[in-house]
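Structure at a glance
For reference, the chains in residue letters:
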Amino acid sequence: MTSTPLPGAPFLAYRDSQLFIEDMGLQDLANTHGTPLFVYSKAAMLHALAAYQRAFVGRDAKVHYAMKANSSLGVLQVFAQAGCGFDIVSAGELERVLAAGGQAADVIFSGVGKTRAEMRMALQAGIACFNVESEAELDVLNQVAVSLGKVAPVSIRVNPNVDPKTHPYISTGLKGNKFGIAHERTLQAYQHAAQLPGLKVVGIDCHIGSQITTSEPYLDALDKVLDLVEQIEKAGIRIHHLDFGGGLGINYNNDTPPAADSLWSALLARLDARGFGQRRLMIEPGRSLVGNAGVCLSEVQYLKPGEQKNFCIIDAAMNDLPRPAMYEAFHQIVPLVHTDKPAQLYDVVGPVCESGDWIGRDRLLNIQAGEKLAVLSAGAYCMSMASNYNTRGRAAELLVDGNQAHVIRQRETMADQLRGEVLPFPQTRHASNTPNTKV
Ligand SMILES: *Cc1c(COP(=O)(O)O)cnc(C)c1O
């Protein structure tokens, strides 16, 4: 048997002609559980986490998994049991952390639009920190905390105005973005926070974007944040922790992001040089912990040759894999069974009634109707963004651990989808084509 690992996906390999994730054949999993099917490798998640943990040996540091990347309970349990905290952006995500066995005390709460009800819930649960994104939010959080007789731990998210050189929809640390407080106004905001009775300043944070593939934007942001910490502490406000957000990219298509440990050894060297190396550190990685741990399996429904394009129509679509339609993102697509027959060029598309419903363009594939494909790098921002558009049930999810596959989400049924919907009028016996007259 020969084993050929796929680039960027260390737990995915062809054993002879069959694609495996850890010790499970994906063709067998697809046959047993149906398609579309998300399959995640636990070892790949822990491997990605270990790179951060190696970098932080000997430091006072905590990894808060940014769970919007993939918030399925089975995935959260893996990270909770590996000692991660969580970065949440809604009260619903807090409920998920608790349901997965995580602790509220390990949760930090980001997002520009926290409601009063969400603040109340998070305060009552006792989360570690609110990452506040505007001056107005400081005032509202203060009111809510005072009304509950509590003090809210806060960090202010600063917008360092650095260009992460990524897709405009996923850059967040530029002046024109809605996130954070402009760094020119940060000192004022801290002075305001420090005198509000319902708030306790504990930290500072920034998060400059996602799918970042070079170190420079991080180093620039770090310097800007440390400049601010010096100013704020000179004004007598102690900053207990430094949170540098998430955003590290993964290899989708010959992308070469720095490894988490080498990025962090450069950042830690800079922190040490500026005298902040022993400060409490937090990070909020999402994509880099799960993106390349997951694949989406799909069956080819039809091959449709055309004058300009050949289409390969699969049973996964933009409602399962929204990144191509949203960001023109690239996912590698490979067959589950490799053969040496000649390949043809296809646009791989889903069945949804939108021209934006494509999964990959101009892909060389050797495939027939009824055969199955894997869409790679599908662990992050796929299932968590999935929808029911076209009344498509959301896919099932499996977590593979060695030679075991655990169903962590059942395929959504039609009954699941209709639950909560209500017909507004009494049903008539012949609803169609009957004139609207009384008999
Ligand atoms: C989305 C997000 C993250 C995670 O970003 P990744 O690119 O997935 O690492 C971290 N922090 C905040 C505030 C976010 O909104």
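Look above for the structure.
To keep things clear, this report deals only with the structure shown in the data block. This one's a predicted model, so the numbers in the text were calculated from it and none came from an experiment.

Each value, and the rule that gives it
Residues numbered from 1 in each chain as written. Predicted model: local features only at pLDDT ≥ 70, side-chain atom pairs only at ≥ 80, totals over all residues. Heavy atoms only, no water. Helix = DSSP H or I, 4+ residues; strand = E, 2+ residues; numbered from the N terminus. Rg over C-alpha atoms; globule rule 2.2 N^0.38 Å. Buried < 20%, exposed > 50% of the residue type's maximum accessible area, 1.4 Å probe, protein only. Contact = heavy atoms within 4.5 Å. Areas by Shrake-Rupley, 256 points an atom, 1.4 Å probe, with all protein chains shown as cover. Axes fitted to C-alpha atoms, helices over the stretch in contact; angles between N-to-C directions. Parallel < 35°, antiparallel > 145°, perpendicular 65-115°, else oblique. Left-handed = near helix turned anticlockwise from the far one by under 90°. Nonpolar A, V, L, I, M, F, W, Y, C, P; charged D, E, K, R; others polar. Pairing = 2+ DSSP bridges. Near = heavy atom within 4 Å. Polar contact = N/O pair within 3.5 Å; in protein donor to acceptor, adjacent residues only side chain to side chain. Salt bridge = Lys/Arg side-chain N within 4 Å of Asp/Glu carboxyl O.

Summing up its helical and strand segments, the protein has 12 helices and 22 strands in all. What you see for the protein is a C-alpha radius of gyration of 24 Å, in line with the 22 Å of a compact globule of 439 residues. Dimensions of the protein, computed from C-alpha atoms along their principal axes, come out at roughly 75 × 70 × 40 Å. Here the protein, with 439 residues, has 52% of them falling under the buried criterion. Taking all contacts inside the protein whose residues are at least 6 apart in sequence as the whole, residues at least 24 apart take part in 68%. Total accessible area on the protein is roughly 19,800 Å²; 51% of this is exposed by carbon and sulfur atoms.

Here we take up the packing of helix α8 (residues 216-234) against helix α9 (residues 260-273). Close contact between α8 and α9 brings their axes to 10 Å; oriented N to C, the two are set at 25°. On the basis of their axis angle, the class for α8 and α9 is roughly parallel. Handedness of the α8/α9 crossing: right-handed. Of α9, the residues touching α8 (which contributes Y218, L219, L222, D223 and L226) are L263, A266, L267, R270 and L271. A per-class count over the contact of α8 with α9 returns eight nonpolar, no polar and two charged.

The next subject is the sheet that holds strand β1 (residues 3-6). Within the open sheet, the four strands sit side by side as β1-β2-β3-β4. Their pairing is antiparallel. Every other strand in the sheet has two partners, leaving β1 and β4 (24-25) as the edge strands with one partner each. Sheet analysis places strand β2 (residues 9-15) next to strand β3 (residues 18-21), joined by four bridges and oriented antiparallel. Counterpart to Y14 in the pairing with β3 is L19.

With that settled, the discussion passes to the site of the ligand. Around the ligand sit 14 residues, and of these K68, S210, E284, R287 and Y381 come closest. Note that an oxygen atom of the ligand is positioned 2.7 Å from one of the backbone N or O atoms of R287. Within the side chain of Y381, a nitrogen or oxygen atom sits 2.5 Å from an oxygen atom of the ligand. Burial of the ligand by the protein chains amounts to 94% of its free accessible area of 390 Å². Counted by class, the shell around the ligand contains three nonpolar, six polar and five charged residues.

Going through the model one piece at a time under the given rule, you end up with 21 salt bridges. A salt bridge links D347 to K309; its shortest N-O distance comes to 3.3 Å. Within this pair, whereas D347 is found in strand β18 (residues 344-349), its partner K309 is found in the loop between β15 (294-304) and β16 (311-314), the two being separated by 38 residues in sequence. In this structure, the salt-bridge partner of E397 is R409, at a minimum N-O distance of 2.8 Å. Here R409 lies in strand β22 (residues 404-409) and E397 lies in strand β21 (residues 396-401), a separation of 12 residues in the sequence. Taken together, the salt bridges that share partners define one network made up of D223, D227, E230, R270 and R274.

We now examine unusual backbone geometry. Cis geometry is found at the peptide bond from T35 to P36, where omega equals -10°. Position of P36 relative to the elements: it lies in the loop between α1 (26-33) and β5 (37-41). If you check the backbone angles, E328 has positive phi at about 50° while not being a glycine. Turning to its location among the elements, E328 is positioned in the loop between α11 (323-327) and β17 (333-335). Residue E328 is classed as exposed on the basis of its relative accessible area of 62%. In this structure, T391 takes a positive phi of about 50° despite not being glycine.

Glancing now at the side chain of K114. For K114, the location among the structural elements is in the loop between β8 (107-109) and α5 (116-125). Residue K114 is classed as buried on the basis of its relative accessible area, which comes to 10%. Within polar-contact distance, the side chain of K114 engages the backbone oxygen of N131 at 2.8 Å. A polar atom in the side chain of K114 sits 2.6 Å from the side chain of E137. Not counting the four nearest positions on each side in its chain, K114 is found in contact with F109, M119, F130, N131, V132, E133 and E137.

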